[in-house]
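Listed here are the chains, written in short residue letters.
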Amino acid sequence: MDTILVIDDQADVRMAAIVALNQIGYQCIEAQGPEQALELISSTAISLILLDMNFKLDTTSGAEGLRFLQQLQTLSANIPVVVMTAWASVDVAVKAMQLGAVDFVEKPWNNLRLTAVVQQQLKQQKTNHDNACLKALHSTSDANYIALSATMQQLLAHAKRAAQTNASILITGENGTGKSLLAHYIHQHSNRSEQRFVSVNIGAIAPSLFESELFGHKKGAFTDVKEDRLGRFEIANGGTLFLDEIATLPLELQSKMLRVLESQEFEVLGSSQTQIADVRIIAATNAELAKAIAEGEFRRDLLFRLNTIELHIPPLRERPEDIVELANHLLATHSKKYQRSSMTLTDEARLALTQYHWPGNVRELSHCVERAVIMSDNDNIDASDLTLEQPSSEVSNSATDKQSLPLLPLEELEKQMIQKALAEFNGNVIAAGEFLGLSKSAIYRRIDKHQLDLKEVNS
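No experiment lies behind these values; they were computed from the predicted model shown.

Cut-offs and rules
- Residues numbered from 1 in each chain as written.
- Predicted model: local features only at pLDDT ≥ 70, side-chain atom pairs only at ≥ 80, totals over all residues.
- Heavy atoms only, no water.
- Pairing = 2+ DSSP bridges.
- Helix = DSSP H or I, 4+ residues; strand = E, 2+ residues; numbered from the N terminus.
- Axes fitted to C-alpha atoms, helices over the stretch in contact; angles between N-to-C directions.
- Contact = heavy atoms within 4.5 Å.
- Core = buried A, V, L, I, M, F, W, Y, C linked by side-chain atoms within 4.5 Å.
- Buried < 20%, exposed > 50% of the residue type's maximum accessible area, 1.4 Å probe, protein only.
- pLDDT = per-residue confidence, 0-100.
- Salt bridge = Lys/Arg side-chain N within 4 Å of Asp/Glu carboxyl O.
- Expected span 1.5 Å × (residues − 1).

(A) Region of the structure containing the sheet that holds strand β5 (residues 103-106). Taken in spatial order, the 5 strands make up an open sheet running β2-β1-β3-β4-β5, and their pairing is parallel. One side of each edge strand has no neighbouring strand; the edge strands of this open sheet are β2 (27-31) and β5. Recorded for the sheet is a direction-independent mean angle of 20° between the axes of neighbouring strands. Bridging between strand β4 (residues 81-85) and β5 involves 4 bridges; their strand directions are parallel. Bridged to M84 within β5 is V105. Contacts from helix α1 (residues 11-22) reach β1 (3-7), β2 and β3 (48-52) within the one sheet, and its direction differs from that of β2 by about 170°. On the sheet, helix α3 (residues 63-75) packs against β1, β3 and β4 and is oriented at approximately 150° with respect to β3.

Next up, the structure:
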């Protein structure tokens, strides 16, 4: 229910406004003046303010009301203000609008005018909030999950059943298996499907920005912050929040995440008001969390909050029945993207696809098909168009290869392996990272650490 704060030094005026607004379903609180009002704003979620412009200093200038509007701007409260005045002063009204007031009513008011203004401004406030949420969201595509193999059909059956609940879900699996797509699939089969699906890559957030990214901040919350920012929990309110690469969450921040998941409450940075996090949590990781817990890098109690239901996606090499169907789907998608029509896979291409071991899983398959669509001279994709040769950087299990491995400091060996992988995959950072078992954020961090020049690597 919307709460309206009525600020006036006359009790009968406050009561008249409250009675009129109560009759159309609004909850009201009251304050005798700006000081008391500021105390209420700091502790209560206010939807709209009705503000008298004149209090003790004089009777006509509106100076105290204008000063209150300035203080409200400093607080970055983002609350619509409708001013009330017994004198139809154009100058005071204009000054109030310049300081953020959204409308004004003249005392004594007509109740129909008062309630119409309040309803209109609350509706506009909701529209502004929804627009801000939409602006903050990244575009997402419909979940189109292809599953012919028995293991994947069983996984999707479990996912559908889990989707009907509000239980937290943890999705595990290697890089590139389609964890985010499965999260979309769960959301679309849940009772929150009409609400927002919001995704955040935990591994890509700097620890210093974690709270701001997840919970949002108010203007002035810290240095150089000049506007409000909606956090992912607020954007996802009523819907689903997908926390990708959850294992990369720093240990010192895991307690904050745990508190929000346990209490379903959070505070925007720079605000003392508590908000409710009505979100369904889906998390994903390619890491072995049991090992991370044993090594003291992940909290066991946080895992218990995340994995009420755990779904594991098998790697592509363990479900060969899906490979050709996935390839055909990706071929249609990329053909449309690059305006190539009627492209098909030859029998030799389909055989090559099923015999390849796919270390990068579905993501590597997508890159492979996309590359073939771009480079093929005709509409029939052959095995030679797929370039599925084993990478030369792959380490053999033979004794000879083990003996030829150079003895180098770990840092230097890591640098050389990254260079070789980048060269093998023609500078494709994502593919190189997947081959090395590194996430997108992890491979880029190591490239930066070793000061590798991608142009030189690819030359």
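Next comes the rest of the description.
(B) Just the nonpolar core, in detail. L214, F233, L241, L243, I246, M257 and F298 are the most contacted members of the largest nonpolar core, which totals 34 residues. For this core, the secondary structure elements donating two or more residues are β7 (197-201), α8 (210-215), α9 (232-235), β10 (240-244), α10 (251-263), β13 (280-285), α11 (289-294) and α12 (300-306). No other element matches the 5 residues that α10 contributes to this core. Those residues in contact with F298 that sit more than four places away from it in its chain are I246, A247, L251, Q254, L289, A292, I293, L303 and L306. Counting residues in each nonpolar core, the second largest holds 22 residues, with L345, L353, Y356 and C368 among its members.

(C) Layout of the confidence of the model for the protein. In this model, the protein carries an average pLDDT of 83, and 86% of its residues clear a pLDDT of 70 or more. Here helix α17 (residues 399-404) is the element of the protein with the lowest mean pLDDT, 43, and strand β6 (residues 169-172) is the one with the highest, 97. Segment residues 137-142 is flagged for pLDDT under 50; beyond a separation of four residues in sequence, or across chains, it makes 11 contacts in the model. Here residues 391-403 is modelled with pLDDT under 50, and outside its nearest four sequence neighbours on either side it reaches 12 contacts, counting other chains as well.

(D) How the structure looks around the environment of A11. Of note, A11 is situated in helix α1. Note on A11: relative accessible area 48%, which makes it partly exposed. For the pair A11 and Q32, spaced 21 residues apart in sequence, the C-alpha separation works out to 7.7 Å.

(E) View of the environment of T354. You can see T354 is positioned in helix α14 (residues 347-355). Note on T354: relative accessible area 31%, which makes it partly exposed. Sequence separation between T354 and R319 is 35 residues; the distance between their C-alpha atoms is 9.6 Å. Other than its neighbours up to four places away in sequence, T354 contacts P320, I323 and V324.

(F) Geometry of the pattern of salt bridges. Tallied over the entire structure, the rule returns 16 salt bridges. Measuring nitrogen to oxygen at the nearest pair gives 2.7 Å for the salt bridge that ties R14 to E30. Taken together, the residues span a long stretch of sequence, with R14 in helix α1 and E30 in strand β2 at a distance of 16 residues. Overall, R14 belongs to the buried group, its relative accessible area being 8%. For E30, a relative accessible area of 33% corresponds to the partly exposed category. D379 is the partner of R340 in a salt bridge, and the nearest nitrogen-oxygen pair spans 3.7 Å. Here R340 is found in the loop between α13 (323-337) and β15 (344-345), whereas its partner D379 is found in the loop between α15 (361-375) and β16 (380-381), with 39 residues between them in sequence. With a relative accessible area of 21%, R340 lands in the partly exposed category. What emerges from the salt-bridge pattern is a single network uniting D8, D52 and K107.

(G) Representation of the sheet that holds strand β14 (residues 309-312) in the model. Taking strand neighbours across the sheet as the criterion, the 5 strands line up as β7-β10-β13-β6-β14 in an open arrangement whose pairing is parallel. Each edge of the open sheet carries a strand with a single partner, namely β7 and β14. Strand-to-strand twist across the sheet, computed as the mean angle between neighbouring axes with direction ignored, equals 20°. Two elements, β6 and β13, share 4 bridges in a ladder whose sense is parallel. The residue of β13 that forms the bridge with L170 is A283. Packed on one face of the sheet, helix α7 (residues 179-188) meets β6, β7, β10, β13 and β14 and runs near 150° to β6.

(H) Structural context of helix α6 (residues 150-163). End to end, α6 covers 20 Å across 14 residues, agreeing with the expected 20 Å (1.5 Å per residue, within 8%). Elements in contact with the buried residues of α6: β6, α7, β13 and β14.

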